[in-house]
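Inside the fold
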Amino acid sequence: IETYNRIAALESRYETATDQLSGIKPGKRAVADLPAAAITGFTGEFSRILEAWQFPVKGPVSFDTQAEDFFIGIRRRREQGKGSRALTHAAFTIALLSYCASVGLPHPGLVILDSPLITFRDKDRAQSDADLTPDVRLRLKDKFYRDLATRSLEQQVIIFENEEPAE
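Just so it is clear, the structure is predicted and the values come from calculations on it, not from any experiment.

Let's shift gears to a nonpolar patch on the surface. Side chains of Leu110, Ile112 and Phe160 sit close together on the surface and give an oily, nonpolar patch of about 290 Å² of accessible area. Within the fold, Leu110 resides in strand E4 (residues 110-114). Residue Leu110 is classed as partly exposed on the basis of its relative accessible area, which comes to 36%.

Now the structure itself:
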């Protein structure tokens, strides 16, 4: 009976979502419809994760709804080097998991990150990642793994990486 009730609830949620999506016209930007409170809350969570990882940010983290991109400090996320973009993408994904859990939005509770640190090596470092000195990169990697290791038991993170984390 419990399984049938669960199926009925899921079918109801599916119908509601389908009805809501049917009103969206192709080409319409969904970001413009996001409430400012949601953007602010998510941006705060994203910023907290970058701080926990000690990602070098010069200025606040904000979201530009027109460009549909984050400003991390004074630069857009897409204007940063490959290593920074990979790390900020991982931070975005973890922030989405955390934000959904904190406000009661649905999320599977599972995140899979594919090589978020591999582009962070010396030989791949771009000029736009100049702030990421070897000491900063080493500390950031350590903080990255420490933060993920302390996540809630309801939040599972699987990382595929080509190098082993420190003990």
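A word on the packing of helix H2 (residues 36-52) against helix H3 (residues 82-103). Relative orientation and spacing of two packed helices are given, respectively, by the angle between their axes and the distance between those axes. As a packed pair, H2 and H3 sit with axes 9 Å apart at the nearest point and diverge in direction by 125°. With respect to H3, the axis of H2 lies oblique. Crossing of H2 over H3 shows right-handed handedness. Along its contact with H2, which presents Ala37, Ala38, Gly41, Phe42, Glu45, Phe46, Ile49 and Leu50, the element H3 presents Thr88, Ala91, Phe92, Ile94, Ala95, Leu96, Ser98 and Tyr99. Residues of the contact of H2 with H3, tallied by class, amount to 12 nonpolar, 3 polar and 1 charged.

This part covers the pairing of E4. Burial along E4 is one-sided: Val111 and Leu113 are buried, while Leu110, Ile112 and Asp114, pointing the other way, are not. Sheet topology note: the E4/strand E5 (residues 156-160) ladder contains 5 bridges and is parallel. The residue bridging Leu110 from the neighbouring strand is Gln156, located in E5.

This part takes up the sheet that holds strand E3 (residues 75-76). Read from one edge to the other, the open sheet built from 3 strands follows the order E1-E2-E3, with strand pairing classed as antiparallel. The strands lining the two open edges of the sheet, one partner per strand, are strand E1 (61-64) and E3. Bridge count between strand E2 (residues 69-72) and E3: 2 bridges; the pairing is antiparallel. The residue of E3 that forms the bridge with Ile72 is Arg75. Where H2 meets the sheet, its contacts fall on E1 and E2, and the angle it forms with E1 comes to roughly 140°.

Quick notes on the rules
Residues numbered from 1 in each chain as written. Predicted model: local features only at pLDDT ≥ 70, side-chain atom pairs only at ≥ 80, totals over all residues. Heavy atoms only, no water. Patch = residues over 30% accessible without salt bridge, like charges linked within 9 Å, V, L, I, M, F, W, Y side chains within 5 Å. Areas by Shrake-Rupley, 256 points an atom, 1.4 Å probe, with all protein chains shown as cover. Salt bridge = Lys/Arg side-chain N within 4 Å of Asp/Glu carboxyl O. Helix = DSSP H or I, 4+ residues; strand = E, 2+ residues; numbered from the N terminus. Buried < 20%, exposed > 50% of the residue type's maximum accessible area, 1.4 Å probe, protein only. Axes fitted to C-alpha atoms, helices over the stretch in contact; angles between N-to-C directions. Parallel < 35°, antiparallel > 145°, perpendicular 65-115°, else oblique. Left-handed = near helix turned anticlockwise from the far one by under 90°. Contact = heavy atoms within 4.5 Å. Nonpolar A, V, L, I, M, F, W, Y, C, P; charged D, E, K, R; others polar. Pairing = 2+ DSSP bridges.

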